[in-house]
Amino acid sequence: MPAARTDNRGYWIGFAVVLALLFVAPLVLPEFWRRFTTEILIWGLLAMSSDILIGYTGMVSFGHSAFFGLGMYGAAAALLTVRPPNLWLALAYGLVAAAVVAAFVAYFSTRLRDIYFAITTLVFSQIFYVIIFTWTEVTGGENGLTFRQPALGVPGLFAIPFTPVTLHWFVVAIVTISYLLLRRITQSPFGMVLQSIRENEPRTRAIGYAVERYKIVAVMLSGVFAGLAGVLYAVQNKFAAPDFVFFLISGEVVIFNMLGGMGTLVGPIAGAAFFLILRETFSRFWTEFYLIPVGVIFTLMVIFVPQGLLGFARRALNR
Amino acid sequence: MDAFLIQTLNGVVNGLILALVASGLTLIFGIMDVVNFAHGELFMLGAYAGVIWLAVTGNFWVALLAAAVTIAVLSAALQVVALRPLLGRDPLYTILGTFGISLVLQNYALWQFGPVPRKLTEPLTGHFRLFYLEYPYYRIVMALLSAAIIGALWAFLKYGKYGIWIRATTQDRVMAAAMGIPVPIVHTVVFAIGASMAAASGVLFGPLVGVTHAMGADWVLKAFVVVVVGGMGNLAGSILASIFISLLEAYASLIVSPAQAVIVAFIALIVTLLVRPTGLFVPTPK
């Protein structure tokens with residue numbers, strides 16, 4: 001269909017423009033905003049990973065902080081035990097840790113639906129929080145773990161230490177690859193089954209799909225990408241702390257999804273950007289009470305703009 | 001053995017307070033399909049209202065009543081402004097809406113009252129000897145009062161005219177409206193009742209821990225666990241589950257630290273969800 005092709009061209013042009021802007025951003029922005037943009041992308045990746053569940057499968061996860069946090073602590077384990085610190089090993093450890101936890105959570109939580117699923121994931125993330133918080137000998141308890149930033153490179157060939165600019169580019173690359181992968185997955189037959197679970201679960205089951213198995217894979221997939229975001233955050237900030245396993249982070253992830261528009265993949269990134277910019281703006285006047293105006297804006301958006309900022313473009317973004 | 005008996009008493013006392021929080025939550029869920037994430041914040045604001053009214057009136061029991069009424073009015077206003085527009089939408093939006101409200105309320109309390117815990121003086125300071133402990137009378141009174149409030153709620157739902165309206169709305173919202181029951185007002189009133197029960201438990205529990213802006217977070221999570229274990233929207237189930245979970249936690253804290261004992265409650269929840277997802281204290285559907 002020629003019409004569809006021209007529409008898609010618009011999408012890819014937009015994609016290229018955004019990517020180019022993100023690529024140039026660290027070269028022109030001042031130090032503070034450079035770091036801020038990198039952080040938006042990392043939170044955006046976390047929010048995007050949960051969109052697979054919330055927006056595409058219709059399962060609201062309130063436990064993404066567990067996957068994110070385990071990614072952080074997995075990276076910390078690799079960076080603290082192996083000398084010299086290796087970025088790729090940190091990535092591998094973080095992803096494996098997040099995947100194991102996701103498999104565990106998925107096995108139990110996918111038997112439940114709707115609000116029960118949300119509460120189970122919430123409770124699981126709190127279990128991991130309590131374990132990490134109280135197991136001081138291994139996790140450093142309340143203080144968390146600090147470590148040195150690994151260098152970017154291939155062992156034995158070359159290694160360059162991260163500067164804010166190369167770190168930003170590295171994050172842009174990872175987030176872009178993740179986005180394209182997730183987009184491909186949502187358009188694959190597997191992704192179609194997930195969306196049909198969202199639309200009508202009993203019918204999907206009646207057609208003959210093993211709904212539970214699809215859900216388990218969806219939670220694991222989502223958990224692995226959330227873990228990836230955790231690894232990136234650990235590498236950027238050089239620490240892992242129990243605060244990032246606490247359920248408030250999961251709540252923020254759901255907020256990002258809702259603000260940006262669920263079921264669009266880019267929406268959650270936009271939502272994360274919107275939330276962080278609001279937080280930055282208000283915390284200049286209100287210091288730590290910025291959550292009062294942000295909470296009011298959020299509640300108003302839930303009432304009046306439930307489809308989110310990019311909800312209007314949902315069709316175009318999924319084409 | 002002594003420690004075991006003391007923990008049994010502790011478990012029952014905590015369980016009754018928890019039941020007061022959880023029965024408000026389950027009432028709101030059962031009737032409005034609203035999963036109230038702001039419930040812990042209403043608990044916390046209730047405790048602050050108690051502090052203020054205690055300073056004004058000087059009498060704990062008057063302050064308790066006044067705080068419950070204050071929070072009832074506040075929450076009725078909240079329900080009309082923020083939750084009524086969400087009626088009939090996906091439950092996800094009520095979760096998000098109440099989550100937004102809880103962020104605002106919690107930070108408002110921090111802004112208004114500061115991070116230093118406020119002291120709420122207990123009205124009774126007597127003790128009695130229990131094995132090797134001096135056990136305060138106040139805890140017993142607190143538990144009995146919680147039980148009395150829950151009992152009053154139950155009697156109201158069972159026999160009161162408006163209680164029957166509420167139960168009718170739970171069973172079938174559309175049919176209730178057709179019979180002339182003002183469903184939107186019933187929703188507002190139920191939210192106010194649930195909130196004032198949370199506020200009352202906040203005031204009652206305040207003397208034990210000190211009133212801070214973050215005191216609601218632990219409770220709301222535990223109340224969620226209880227409400228699911230007891231069966232969503234099932235009042236009797238929630239009460240039994242509160243006592244069951246609190247006993248489990250009390251016994252667990254004999255072995256591990258209290259911070260880790262919370263995990264026992266969480267594991268109880270997960271086992272319940274796997275074995276009997278409709279709730280532990282609900283008769284098996286025939």
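Here the structure is shown first, and the text comes after it.
Rules used throughout
- Each residue is numbered by its place in its chain's sequence as written, counting from 1.
- Chain letters start at A and ligand numbers start at 1, both assigned in the order the entries are written.
- Since the coordinates come from a predicted model, pLDDT governs what is reported: local features require at least 70, and pairs of side-chain atoms require 80 or more to be given and counted, while whole-chain, interface and lining totals use all residues.
- Under the DSSP-based scheme used, a helix requires at least four consecutive residues in state H or I and a strand at least two consecutive residues in state E, with every element numbered from the N terminus.
- Based on C-alpha atoms, the radius of gyration is set beside the globule rule, defined as 2.2 Å times the residue count to the power 0.38.
- With C-beta atoms placed from the backbone, the exposure class of a residue follows from how many other C-beta atoms lie within 10 Å of its own: 20 or more, buried; 12 or fewer, exposed; in between, partly exposed.
- Contacts are defined on C-beta atoms placed from the backbone: any two residues whose C-beta positions lie within 7 Å are in contact.
- For this scheme, ten residues count as nonpolar: Ala, Val, Leu, Ile, Met, Phe, Trp, Tyr, Cys and Pro. Four count as charged, namely Asp, Glu, Lys and Arg, and the remainder, Gly too, count as polar.
- Only the stretch in contact is used when fitting a helix axis, every axis being a line fitted to C-alpha atoms; angles between N-to-C directions are given from 0 to 180 degrees.
- Orientation categories follow fixed angle ranges, with anything under 35 degrees roughly parallel, anything over 145 roughly antiparallel, 65 to 115 roughly perpendicular, and all other angles oblique.
- By the definition used in this description, the sense in which the near helix is turned from the far one sets the handedness, with an anticlockwise turn below a right angle giving left-handed and a clockwise turn giving right-handed.
- Two strands form a pair only when DSSP identifies at least two bridges running between them.
- To estimate the expected span of a helix, subtract one from its residue number and multiply by 1.5 Å.

S.K.: I would appreciate a short explanation of the overall build of chain A in the present structure.
M.R.: Helix and strand content of chain A: 14 helices and 4 strands. In summary, chain A has a C-alpha radius of gyration of 19 Å against a globular reference of 20 Å for 319 residues, a match within 12%. C-alpha atoms of chain A, sized along the principal axes, occupy 55 × 50 × 45 Å. Across the 319 residues that make up chain A, the buried fraction comes to 47%. Counted over contacts in chain A with a minimum sequence separation of 6, partners at least 24 positions apart contribute 77%.

S.K.: Would you take a moment to explain the overall build of chain B for this structure?
M.R.: From N to C terminus, chain B includes 11 helices and 2 strands. Reading the helices (α) and strands (β) of chain B from amino to carboxyl end gives α-α-α-α-β-β-α-α-α-α-α-α-α. Against the globule reference of 19 Å for 286 residues, chain B gives a C-alpha radius of gyration of 19 Å, in line with a compact fold. With respect to the principal axes defined by its C-alpha atoms, chain B has extents near 60 × 50 × 35 Å. The buried share of chain B, taken over its 286 residues, is 50%.

S.K.: Explain the interface of chain A and chain B to me, please; I cannot follow it from the model alone.
M.R.: Many analyses report the size of an interface as the accessible area lost when the parts associate. On the chain B side, the residues contacting the 28 residues of chain A number 34 residues. For the side of chain A that touches chain B, the secondary structure elements donating two or more residues are helix H5 (114–134), helix H11 (247–260) and helix H13 (291–304) of chain A. In terms of residue count, the dominant contributor to the side of chain A that touches chain B is H5(A) (11 residues). The residue inventory of the side of chain A that touches chain B, partitioned by class, reads 20 nonpolar, 6 polar and 2 charged.

S.K.: Hey, could you run me through unusual backbone geometry in this one?
M.R.: Phi is mostly negative for residues that are not glycine, and the peptide bonds are mostly trans. Residues and elements named next belong to chain A. At Lys238, a position not held by glycine, the phi torsion is positive, near 60 degrees. Take Lys238: it is sitting in the loop between helix H10 (211–237) and strand E4 (239–240). Take Lys238: there are 14 C-beta atoms within 10 Å of it, and that puts it in the partly exposed class. One non-glycine residue, Leu265, adopts positive backbone phi at about 65 degrees. Among the secondary structure elements, Leu265 is positioned in the loop between H11 and helix H12 (266–286). Assessed through the 27 C-beta atoms surrounding it within 10 Å, Leu265 is described here as buried.

S.K.: Just to check I follow, could you spell out the packing of helix H3 (residues 60–83) of chain B against helix H4 (residues 91–113) of chain B for this structure?
M.R.: Residue and element names in this part refer to chain B. At their nearest, the axes of H3 and H4 sit 11 Å apart, and the two run at 130 degrees to each other. With respect to each other, H3 and H4 are oriented oblique. Pair H3 / H4 crosses with right-handed handedness. Counted together, Leu78, Ala82 and Leu83 of H3 and Thr94, Gly97 and Ile101 of H4 form the full contact between these two elements. Taken together, the residues of the contact of H3 with H4 break down into 4 nonpolar, 2 polar and no charged.

S.K.: Even after reading the chapter, I still don't get the pairing of strand E1 (residues 127–130) of chain B, so can you show me in this structure?
M.R.: Both faces of the sheet carry side chains from a regular strand, because those side chains alternate between them. Residues and elements named next belong to chain B. Judged from the 4 bridges that link them, E1 and strand E2 (residues 133–136) form a sheet pairing that is antiparallel. Across the sheet, the residue bridging to Arg129 is Glu134, located in E2. Between E1 and E2, which pair antiparallel one after the other, the connecting turn spans 2 residues, and Phe131 there sits at a positive phi close to 50 degrees.

S.K.: When you look at the packing of H5(A) against helix H9 (residues 215–230) of chain B in this model, what are you seeing that I'm missing?
M.R.: The relative placement of two packed helices is expressed as an angle between their axes plus a distance between the axes. Their axes nearest at 11 Å, the elements H5(A) and H9(B) cross at an angle of 130 degrees. Here H5(A) lies oblique to H9(B), going by the angle between them. Helix-helix and strand crossings are classified by hand; for H5(A) and H9(B) the assignment is left-handed. Listed contacts from H9(B) to Tyr116(A), Ile119(A), Val123(A) and Gln126(A) of H5(A) are Leu221(B), Phe224(B), Val225(B) and Val228(B). Residues of the contact of H5(A) with H9(B), tallied by class, amount to 7 nonpolar, 1 polar and no charged.

S.K.: What is the right way to read helix H7 (residues 164–187) of chain A from this model?
M.R.: Three or four residues apart is the spacing at which side chains of an α-helix point the same way, because the helix has 3.6 residues per turn. A rise of 1.5 Å per residue sets the reference length of H7(A), with its 24 residues, at 34 Å; its end C-alpha atoms lie 34 Å apart and thus fit the reference within 8%. Within H7(A), burial applies to Leu167(A), His168(A), Val171(A), Val175(A), Ser178(A), Leu182(A) and Thr186(A).

S.K.: In this structure, what is going on with the environment of Ile149(B)? I would like to understand it.
M.R.: All names here are of chain B. Mapped onto the elements of the fold, Ile149 is located in helix H5 (residues 137–159). Taking C-alpha positions, Ile149 is 7.7 Å from Leu20, a pair spaced 129 residues apart along the chain. If sequence neighbours within four positions are ignored, Ile149 has contacts with Leu20, Met197 and Ala200.

On their own, these measurements won't tell you what the molecule is for.
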